[in-house]
Every structure is written in C-alpha cells, then in structure tokens.
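Report on the structure
Residues per chain are reported as follows:
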Amino acid sequence: MGGCASSPQDAEAIAASRAIDKALKNDAKEIDDSIRLLLLGSGESGKSTILKQMKLIYGKGFATDEQVIYRTAIQGNAITAAKALCWAMDSLKIPYGFDPEVLATPAPAIPDDLDRLESLSSQHNASRPVSAIIGSIGGGKGSDILGSEESLDDSRSNMESPMEEEGEAVKVVDAKAKAAEAEYKRVGGSRQVGPGPLAAAKIKSTPFTHSGDSISAEIVDAIKLIWNDPGIQYCYSRANEFQLIDCCKYFITDIDRICVSTYTPTPQDILHCRTMTTNITETKMKSKNERKKWAPYFDDVSAIIFLAAISSYDQVCYEDNSTNRILEALNLFASICNHPLFKTTSMILFLNKIDLFTEKIKTSPVSQFFPDYIGDDTDYGGTSTFFANKFLAINKYPERKIYVHFTWATDTKQTRKVLDTVNKIILGSNLDDAGIA
Ligand SMILES: Nc1nc2c(ncn2[C@@H]2O[C@H](COP(=O)(O)OP(=O)(O)OP(=O)(O)O)[C@@H](O)[C@H]2O)c(=O)[nH]1
Ligand SMILES: [Mg+2]
C-alpha cells in the first residue's frame, strides 16, 4: 500500500513497520523444501502473528536487531492505544472519573476562562488493502511475504448488514451511555478539569513515535493515571465503538516494564505487537488481467490458511468505520474460497482470537450484532459454531473440504498444536478429519 506520510512521526511509523516487514521477509530465502502456505485474511485478523509463530516454532526465533525494532513499535502501540482511549472519551462523551456503577459522580467546578482542551481528530482512515502472506511450515526455516491488493474476484455483494435489536443488555448499555453523556455535559464536556483530563491532554499531544531512548516518565505516568481512571475503564469496555488495537491492555498494564531503558521485548511481547503489514505491494491482484502476474505465486501453494478474527463480531472495519468486521471477512472468504483457481486447494480456516472472543461474549451479545443467532449469547460452543457455519456455508465446491480451527495466535502452545494438525492435513494423513476442529 502507499506509504503517504503526512508527518515526520507518520514517516517514522511507516519506516518501523517496513523494517519489521523486511525482517520477516528476510527469513524467506530458504523455504524451497518446505510446505508453502498462503495466509490470507482481512486487516488485523492475525496473519503476521501466525507468521511470527512459525518463526518461533519452525525457525530461529527473533534476532537481536528485530527485537530492537519491535521495542520502538511496542512503545508506539502503548501510545497509540492511550491516545485512542483519550479521543474516544471525547467522541463517546464520557467524563474522566465516571463510574457507570455509581451514576452520580461528583463534578469538579469548571472555570469559565479555561481554554478548550485540544481534541485531536481520530485515527487516520487511510484505506488499507487486504494483505496476503506466504508462510511455510514443516521443515521450512523461514517465511516469505507476498502481497495482494484486494480480493481476487469482487463478489462483495448481497451480504446482509448487521441489524440492531432491542434487548435487555442493549438497554443497560444505553442507560450507562446516557448517564455518561449527561455527566460529561454537567462537568463541562471537553472543558472538564482534573488530573484525568490533564494527563489525557499530555498524551494527546505526544507524538506517536519517539526517536529518543524511551517514552518520557511524564507520559508513562499520564498513561498509568488514565488507565486507573474508571471513566477510561468504562470507555475501554466500549472499545468496539471505536478503533482500538487489541494489544492495548497487554502493553498499557505493563507500561513500566516496556519503558525502562534496558527493555528488550520478549517473544510474547513481539507476538502481541501490532504493526500494519505495509510492504504488500509486490504482487497486486487487482484484476483478472493481472492474473498472469500473480498466479505463479499460488501454483506451488500447498494450502490456503484464511484468518478471521472471531472476536471482531461487534466491531466495524478500520478502513471505513462502518462495515461489520465478520461480514467483511465473510465477503473476502467468499471471493477466495469460491475462486476457480483455488477449487482444489486445501482451505484451512482459522477463526482466531478465541481468547478475546471468550471474554467478549460475556458482555457483548452475539445476537445483538447477528440477529440470526438463536441461542445462548454466553455459550462459547453455540456462538463459535454459529460463526464457523457461516464460513462453511460459503463453500461452493463441496468436494473440496474446509478445515476449521479455533485459534489463539498469540499463544505459542495452542498455535503449535494447530500448525502440527495443519501439517498433517496438508501431508494428507488427516484428510478424513474434515470439519470443525
Ligand atoms: N489477544 C489476541 N490477540 C491477537 C491474536 N491474534 C493476533 N492478535 C493481535 O492482533 C493484532 C493484529 O494482528 P496481526 O497479526 O498484526 O494482523 P494482520 O492480519 O497481520 O494485520 P494486517 O497486517 O493489518 O493485515 C496484533 O496486536 C496481534 O498481537 C489472538 O489470538 N489473541
Ligand atoms: Mg500483518
């Protein structure tokens, strides 16, 4: 995708992201004797994370120079997440100190002459293509990154939109949101004062990335302060209403550890690090006319692993802020899985981020976003099978089976098991175990 940097900070972030992509790609040179996989999926589904796991499980792990790059990216993740939370406090109209369980929070007095706190516009909304990654397992020493611009065949139509439905849970949420908004107005909206708004103002004005050694102690303190604020915690509970990276909690709760000058990221930190894959323009799959160009890459692909973040059922896409992420994934899956070129290619579906999904279904009812789900909203088995069946129903080539795995890509133990099974499937020893695993 285009690296159109609008500020030096953006340029730095893009450069860091490219360096990470390059590092992953550099591991790709020795894969000839290995099984080649095409990893596909919409944005933030976990493709890079699976690739990192392959490096850990089948490769040499992360080199020292890579760790240095990730260090900056991880600290950038913490700042990005903290900023997103502060911006969302304004856009969702939640006052600092607001506790939804104690709806009448005492308000500080607002001085008349207080300057309006700066409220920065929300995250840039550059359109971002779906990316594809070629990875390798089973004896491969590395992985290779290729790219795709968009779906192979644009069959994105006729998908129903998520509907809203009145329900008990919705009403409770509404009551809290309304109480927050009333309180936000009462304390002066964006003119509210106190330690929370002050810390937020500092965070909002700090650059995304930093060229110095580490994030300043002042910003670390500001991040800790807001994270302990009940209003921010309430805002975090509504993270599906704005764009927030999934590793927010992981890095912010560990802000002291990741900001010391001696910090070296652990493999677990690297797995949680969010960097958008940017060097995905080598092979564009824009139109059928270009098929000659990209088809050779797929010829020797043993299987396609398609990733979808099952936890994203209540979220909208980063790119347009309106399309439900699961519907987007289903559309993309339809265009891949039903493409004649892949008619006989083993198709393995990873319904990823089950750790987040398990937590989320407790408070965010699936049926509110997918009214065709009839069953217990808090039942993991029922809800996860519901989504798996949605993907399976798309397959137009019944002779070609789709293997479904529920995955937790940041967990090496679980991923190792899944990849071992995938290996067996590809080698043909497990072909009878089709269906949901
Ligand atoms: N909790 C949790 N986080 C995950 C899981 N899989 C991926 N993530 C996180 O989700 C974020 C996005 O993952 P990536 O691997 O970068 O997603 P991607 O598909 O490569 O995204 P693009 O490059 O933008 O297309 C990262 O912060 C990952 O650490 C998971 O199973 N559980
Ligand atoms: Mg990626």
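Remember, it's a predicted structure, so these values are computed and weren't measured experimentally.

1. Section: the overall build of the protein
The helix and strand tally for the protein stands at 16 helices and 6 strands. Taken across its 437 residues, the protein has 43% of its residues classed as buried.

2. Focus on the site of ligand 1
Taken together, the neighbourhood of ligand 1 is formed by 24 residues, with Gly46, Ser48, Arg274, Thr277 and Ala409 sitting nearest. Of all the secondary-structure elements, those providing two or more residues to the shell around ligand 1 are α2 (47-58), α10 (267-272) and α13 (354-360).

3. Thoughts on the nonpolar core
Ranked by internal contacts, the top residues of the largest apolar core, which has 52 residues, are Ile304, Phe306, Phe333, Ile348 and Leu349. With 9 residues, helix α12 (residues 325-337) is the largest single contributor of residues to this core. Once residues within four sequence positions are removed from consideration, Phe306 is found in contact with Leu40, Gly41, Phe333, Ile336, Met347, Leu349 and Phe350.

4. A look at the UniProt feature "binding site: Mg(2+)" (unreviewed entry) in the protein
According to UniProt, the positions carrying the feature "binding site: Mg(2+)" (unreviewed entry) are Ser48 and Thr277. Spatially, the listed residues are clustered: although they cover 230 residues, their C-alpha atoms lie within 7.5 Å of one another. Considering the arrangement of structural elements, one finds Ser48 in helix α2. Topologically, Thr277 is positioned in the loop between α10 and α11 (291-299). For Thr277, a count of 22 C-beta atoms within 10 Å puts it in the buried group.

5. Considerations on unusual backbone geometry
Non-glycine residue Asn321 carries a positive phi angle of around 55°. With respect to the element layout, Asn321 can be found in the loop between β3 (303-309) and α12.

6. A word on the environment of Ser45
Along the chain, the position of Ser45 falls in the loop between β1 (35-41) and α2. Look past the residues within four positions of Ser45 in its chain and what remains in contact with it is Leu307, Ala308, Ala309, Ala329 and Asn352.

7. Quick notes on helix α5 (residues 195-205)
Taken residue by residue, α5 has Gly196, Pro197, Ala199, Ala200 and Ile203 as its buried positions. Each buried residue of α5 lies within a common arc of 160° when the element is viewed along its axis, so the set occupies one face. Where the residues of α5 are buried, they touch α3 (64-91), α6 (217-227) and α7 (230-237).

8. Some points on the pairing of β3
Of all 7 residues making up β3, 7 are buried, and the element is well covered by its neighbours. Bridge count between β3 and strand β4 (residues 346-352): 7 bridges; the pairing is parallel. Bridge pairing in β4 links Ala309 to Asn352. What joins β3 to β4 is α12, and the crossover it makes is right-handed.

9. As for the pairing of strand β5 (residues 402-406)
Of all 5 residues that make up β5, 5 are buried, and the element is covered over most of its length. Pairing of β4 with β5 involves 5 bridges; the strand directions are parallel. Counted as the bridge partner of Leu349 is Val404 from β5.

10. As for α12
Between its first and last C-alpha, α12 extends 18 Å over 13 residues, near the 18 Å set by a 1.5 Å rise per residue. Burial runs high along α12: 12 of the 13 residues are buried. By the burial criterion, the buried members of α12 are Arg325, Ile326, Leu327, Glu328, Ala329, Leu330, Asn331, Leu332, Phe333, Ala334, Ile336 and Cys337.

11. Some thoughts on the environment of Pro230
Mapped onto the fold, Pro230 is located in helix α7. C-beta crowding within 10 Å serves as the criterion here: with 17 such atoms nearby, Pro230 is assigned to the partly exposed category. Taking C-alpha positions, Pro230 is 15 Å from Leu198, a pair spaced 32 residues apart along the chain. Aside from chain neighbours lying at most four places away, what touches Pro230 is Gly97, Phe98 and Asp99.

12. Re the confidence of the model for the protein
The predicted model of the protein averages 78 in pLDDT, with 70% of residues at 70 or higher. pLDDT under 50 marks residues 430-435. Its contacts with residues more than four places away, or in other chains, come to 7 contacts. What the predictor reports for the complex is a pTM of 0.78 with an ipTM of 1.00.

13. Notes on the packing of α3 against α7
Closest axis-to-axis distance for the α3/α7 pair is 10 Å, and the angle between their directions is 90°. The orientation of α3 relative to α7 falls into the category roughly perpendicular. Counting all contacts with α3, which are made through Leu85, Ala88 and Met89, the residues of α7 involved are Gly231, Ile232, Cys235 and Tyr236. Residues that form the contact of α3 with α7 fall into these classes: 6 nonpolar, 1 polar and no charged.

14. Let's talk about the environment of Pro100
Within the secondary structure, Pro100 is located in the loop between α3 and β2 (131-137). Pro100 sits 238 residues away from Asn338 along the chain, and the two C-alpha atoms are 47 Å apart. Ignoring anything within four residues of it in the chain, the contact list for Pro100 reads Lys176, Ala179, Ala180 and Tyr234.

Rules used in this analysis
Residues numbered from 1 in each chain as written. Chains lettered and ligands numbered in written order. Predicted model: local features only at pLDDT ≥ 70, side-chain atom pairs only at ≥ 80, totals over all residues. Helix = DSSP H or I, 4+ residues; strand = E, 2+ residues; numbered from the N terminus. Buried ≥ 20, exposed ≤ 12 C-beta atoms within 10 Å, placed from the backbone. Near = placed C-beta within 6 Å. Core = buried A, V, L, I, M, F, W, Y, C linked by C-beta atoms within 7 Å. Contact = placed C-beta atoms within 7 Å. UniProt positions renumbered as here; feature names shortened; annotations may be inferred. Arc of directions from axis to C-beta. Pairing = 2+ DSSP bridges. Right-handed = clockwise from strand over helix to strand, strands pointing away. Expected span 1.5 Å × (residues − 1). pLDDT = per-residue confidence, 0-100. Axes fitted to C-alpha atoms, helices over the stretch in contact; angles between N-to-C directions. Parallel < 35°, antiparallel > 145°, perpendicular 65-115°, else oblique. Nonpolar A, V, L, I, M, F, W, Y, C, P; charged D, E, K, R; others polar.

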